[in-house]
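Here's the letter readout for the chains.
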Amino acid sequence: MSSVIGMNGTSEAPQLALDLSVARFAIYYAPPAGSCWWNEGSRWLARDAITGRSLNAPQVPGLSRALHDLTQDPRRYGLHATLKAPMRLAPQAHLGDLSGIAAAVAARHAPFDLTVHTDVVDTDNGKRPGFVALRPRAGAVAAKAVDALAADCVQAFDALRAPPTDAELAKRHAQPLTSRQRELLAQWGYPYVFDEFRFHITLSDRVDANDAAAITDWWQPRVQALGPMRVDSLALFVQPSPGAPFLLHERFALGEAA
């Protein structure tokens, strides 16, 4: 019999019953709730991943289609950067185990500010168009801190991860992965970890060069105005059922912010 529990969240978050046999959990970076970065990014994706509410996306000049049509994948995941990729829990694992490890990892890292810029990211080795994302600015000192935080998350949570299904592995192997990425996929269930990790907050689906340029042009002045991102917590997100939108379940303050 599957274990069903109530989901605790903020006072505005929806209360869900979670079936741990199908729910997926992820450790993300998400800008602080209510911050200008969170509000602007959530409006861009037309969805607030804390409340689950739909928002009105901005009008962006020069796009081939409405922005809402070009942000379908990132909208489902919510505004975030992946630190530990979505996973189902192993049969012996419990939600409390996730929270305990998250608190321990968070306590090991001090908060920091991360300067970002817009970039077109390619994770398919040139086989498909890229997607627009927010990435650490070249030479940013805090980039090492975020890499260390991600590496800690990958290792610390792995004991709770259920192995990927055959279908999940087949989907991954259908992508144009390098031999190193396939090695990481086999060991960690995700190909973009450690030396293959690239911190990014996804802003679009895969888009052509013209749409990427229009998105970049819209974001560049806003990135300057918003300034550095404050990285002061880990965010535990949950996908209650296959295909459902992810929601922020709980935050864990980094060491000096606790």
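This one's a predicted model, so the numbers in the text were calculated from it and none came from an experiment. (Residues numbered from 1 in each chain as written. Predicted model: local features only at pLDDT ≥ 70, side-chain atom pairs only at ≥ 80, totals over all residues. Heavy atoms only, no water.)

Summing up its helical and strand segments, the protein chain has seven helices and eleven strands in all. In terms of overall size, the protein chain behaves like a compact globule, its C-alpha atoms giving a radius of gyration of 18 Å where 258 residues would be expected to give roughly 18 Å. When the backbone C-alpha atoms are referred to their principal axes, the protein chain occupies close to 50 × 40 × 35 Å. Buried residues in the protein chain amount to 50% of all 258 residues. Within the protein chain, counting contacts between residues at least 6 apart in sequence, those at least 24 apart form 71% of the total. For the protein chain, the distance from the average position of its 25 positive side-chain charges to the average position of its 26 negative side-chain charges is 2 Å. (Helix = DSSP H or I, 4+ residues; strand = E, 2+ residues; numbered from the N terminus. Rg over C-alpha atoms; globule rule 2.2 N^0.38 Å. Buried < 20%, exposed > 50% of the residue type's maximum accessible area, 1.4 Å probe, protein only. Contact = heavy atoms within 4.5 Å. Lys, Arg positive; Asp, Glu negative; His and termini not counted. Charge placed at Lys NZ, Arg CZ, Asp CG, Glu CD.)

With that settled, the discussion passes to the sheet that holds strand E7 (residues 131–136). The strands making up a sheet are joined through hydrogen bonds of the backbone, oriented either antiparallel or parallel. Reading across the sheet, the three strands line up as E6-E7-E8 and stay open at both edges, with antiparallel pairing between neighbours. The sheet is open, and its two borders are formed by strand E6 (116–121) and strand E8 (201–206), each paired with just one other strand. Within this sheet the neighbouring strands show an average axis-to-axis angle of 30°, counted without direction. This element, helix H7 (residues 209–226), spans E6, E7 and E8 of the sheet and lies at about 170° to E6. (Pairing = 2+ DSSP bridges. Axes fitted to C-alpha atoms, helices over the stretch in contact; angles between N-to-C directions.)

What follows covers the packing of aromatic side chains. The description of two aromatic rings rests on the distance between their centres and on the angle between their planes. Using the criterion set out here, one finds ten aromatic pairs in the structure. Pairing Trp 37 with Trp 219 gives two aromatic rings, centres 6.2 Å apart and planes at 10°, and the pair type is stacked. Of the two residues, Trp 37 sits in helix H1 (residues 36–45) while Trp 219 sits in helix H7, which places them 182 residues apart along the sequence. The two residues Trp 37 and Trp 219 agree in class, both being buried. A relative accessible area of 0% places Trp 219 in the buried class. Aromatic rings pair up to connect Tyr 28, Tyr 77, Phe 237 and Phe 246 into one cluster. Just above the ring of Trp 218 sits the side chain of Arg 222; from NZ or CZ to the centre is 3.5 Å. (Phe/Tyr/Trp six-rings, centres within 6.5 Å; stacked < 30°, edge-to-face > 60°. Lys NZ or Arg CZ within 6 Å of the ring centre and 35° of its normal.)

Let's shift gears to the nonpolar core. In terms of nonpolar packing, the biggest core is built from 65 residues, with Phe 25, Trp 44, Leu 83, Leu 98 and Leu 234 touching the most fellow members. With six residues, the top contributor of residues to this core is H7. Beyond its immediate chain neighbours, meaning those up to four positions away, Leu 98 contacts Phe 25, Met 87, Leu 89, Phe 157, Leu 160 and Leu 236. Core analysis: the next-biggest nonpolar cluster, separate from the first, contains nine residues, Ala 85, Leu 177, Trp 188 and Val 193 among them. (Core = buried A, V, L, I, M, F, W, Y, C linked by side-chain atoms within 4.5 Å.)

What follows concerns the packing of H1 against H7. Following both chains from N to C, one finds H1 and H7 inclined at 165°, their axes separated by 11 Å at the closest point. Classified by the angle their axes make, H1 and H7 are roughly antiparallel. As H1 runs across H7, the sense of the crossing is right-handed. Mapping the contact onto sequence places Cys 36, Trp 37, Glu 40, Gly 41, Arg 43 and Trp 44 in H1 and Ile 215, Trp 218, Trp 219, Val 223 and Leu 226 in H7. (Parallel < 35°, antiparallel > 145°, perpendicular 65-115°, else oblique. Left-handed = near helix turned anticlockwise from the far one by under 90°.)

Relative to the assigned elements, Ser 204 resides in strand E8. Of note is the side chain of Ser 204, whose polar atom sits 3.0 Å from the backbone nitrogen of Val 132. When neighbours within four sequence positions are excluded, Ser 204 is seen to be in contact with Leu 70, Thr 71, Pro 74, Phe 131, Val 132 and Ile 215. (Polar contact = N/O pair within 3.5 Å; in protein donor to acceptor, adjacent residues only side chain to side chain.)

For the rest of this paragraph, the subject is unusual backbone geometry. One non-glycine residue, Ala 46, lies in the positive phi region at around 65°. Its location among the elements puts Ala 46 in the loop between H1 and helix H2 (72–77). The backbone phi angle of Phe 194 is positive, close to 55°, even though this residue is not glycine.

Mean pLDDT for the protein chain: 91, with 91% of residues reaching 70 or above. This model gives residues 1–13 a pLDDT under 50, and the stretch forms 29 contacts once residues within four places in sequence are excluded. (pLDDT = per-residue confidence, 0-100.)

This part takes up the environment of Ala 253. If you trace the backbone, Ala 253 turns up in strand E11 (residues 247–253). Residues Ala 253 and Met 229, spaced 24 residues apart in sequence, show a C-alpha to C-alpha distance of 15 Å.

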